[in-house]
Amino acid sequence: MVDDYYSILGVNRNASSEDIQKAYRKLARKHHPDLADDKDAAKEKFQKIQHAYDVLSDAKKRQLYDRWGPEFERAGAGGGDPFQRGTMPPGMEIDLEQLFGGGARGGPGGGFEEILKQVFGGAAAGPGPGGRRSPFGGPPPPTKGQDVEQEITIPFGTAVLGGKYQLSIQRPGGKIESITITIPAGIEHGKKIRLRGQGYASQTGGPTGDLLVRVKVAPHPVFRRSGNDLLITVPVTIAEAALGAKVDLPTPKGKVTLTVPAGSSSGKRLRLKGLGVSKPGGTSGDLLAELKIVMPPVLSDQQRELIKQLGESAQHDPRVDLKW
């Protein structure tokens, strides 16, 4: 009994090309010969999966397979015309002369090769442009090895400034390999880094797959990120907010002095240009310092009296704009 290609991949006949590709990748990883104990059985299973995918991932092959089944491939294997009378289910016979004209059954310029030229607009068999084989038999073209995905978590500072990260990956057979990854400055949480040729080897002589590294960024204790800007909350005293002050701030590019204007309130944001996340081309985002007035944990009697006097002498109602 001939295997059904859809059953091999575990998808229904209405599956999208994306569904077919996802199913293929999942099965190829599961039955990869390099990862199996019984390599011969795994190789046979892998070849069936590969062949089913080669047919169903090609729109023209899939269309012919859906209509005629695996018989359409006999054309490239010396089987002649798969549509000859007697090879088709009852009621499915077709007069090819009516479909393609008098040359469909042979004669000069006729035969199955000519039919295929009419269907596909080119040569029916043999290598095509770029050395690719016909869709009707012969060895499949070399395919790329499977990509490998891995997730890492990097420090907040490395994501902002860039740097190196040492990654350990387990290869088929259990070997542990150490790979140094270059983290580009300004990389965002959830982005992927592609390392070409670091995935699984191809089983058909094609190029090796890639290693896809998904990057997660660990949170920072005081800094936050918004696009290419960095945000930090800066605690200040009542006196610093009321009278103004100069306070030191850490930044990705070193310590800077922030000038707090007199009469500042909690929530006021001060922008420091170019001290945020680096951008391609040498430019950078900004650092936004948000002021937060912090009261002493304990007040002396003298401090209480001074604050009381300050409140009594105030001419401004801070809640004047609160309305329903």
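Keep in mind that this is a model prediction, so the values were computed, not measured.

Q: So, the pattern of salt bridges: which residues are in play, and what are the values?
A: In the structure shown here, the tally under the stated rule is 14 salt bridges. A salt bridge links D4 to R13; the shortest N-O distance between them is 3.3 Å. When the shortest N-O distance is used, the salt bridge between D66 and R13 registers 3.5 Å. Of this pair, D66 sits in helix α4 (residues 59–68) while R13 sits in the loop between α1 (5–9) and α2 (17–30), placing them 53 residues apart in sequence. Under the relative-accessibility criterion, D66 is labelled partly exposed at 37%. Several salt bridges share partner residues, and in doing so they unite K144, D147, R194, R196 and D210 into one network.

Q: Kindly report on the sheet that holds strand β11 (residues 287–293), identifying the contributing residues and their values.
A: Strand pairing in a sheet relies on backbone hydrogen bonds, with the paired strands running either antiparallel or parallel. A sheet is described by the order of its strands in space; here four strands give the open sequence β6-β7-β11-β10, paired in mixed fashion. Looking at strand neighbours, the two that pair on one side only are β6 (223–226) and β10 (269–272), the edges of this open sheet. The sheet shows a mean angle of 30° between the axes of neighbouring strands, direction not considered. In terms of strand pairing, β6 meets strand β7 (residues 229–236) through four bridges, oriented antiparallel. Along β7, the bridge assignment pairs R224 with L231.

Q: So what's going on with the environment of R62? Residues and values would help.
A: Position of R62 among the secondary structure elements: in helix α4. Classification of R62 by relative accessible area gives buried; the value is 15%. Once the C-alpha coordinates of R62 and Y5 are considered, the two residues, 57 residues apart in sequence, prove to be 9.8 Å apart. What R62 contacts, discounting residues up to four positions off in sequence, is Y6, R13, N14, A15, S16, I20, V55 and L56.

Q: Mind laying out the confidence of the model for the protein, listing which residues take part and the relevant values?
A: Looking at the protein as a whole, its pLDDT mean stands at 80, while 78% of the residues score no less than 70. Counting interchain partners and residues more than four positions distant, the pLDDT-below-50 stretch residues 76–81 has ten contacts. Throughout residues 83–112 the model reports pLDDT below 50, and contacts reaching past four residues in sequence, or to other chains, amount to 37 contacts.

Rules behind the numbers
- Residues numbered from 1 in each chain as written.
- Predicted model: local features only at pLDDT ≥ 70, side-chain atom pairs only at ≥ 80, totals over all residues.
- Heavy atoms only, no water.
- Salt bridge = Lys/Arg side-chain N within 4 Å of Asp/Glu carboxyl O.
- Helix = DSSP H or I, 4+ residues; strand = E, 2+ residues; numbered from the N terminus.
- Buried < 20%, exposed > 50% of the residue type's maximum accessible area, 1.4 Å probe, protein only.
- Pairing = 2+ DSSP bridges.
- Axes fitted to C-alpha atoms, helices over the stretch in contact; angles between N-to-C directions.
- Contact = heavy atoms within 4.5 Å.
- pLDDT = per-residue confidence, 0-100.

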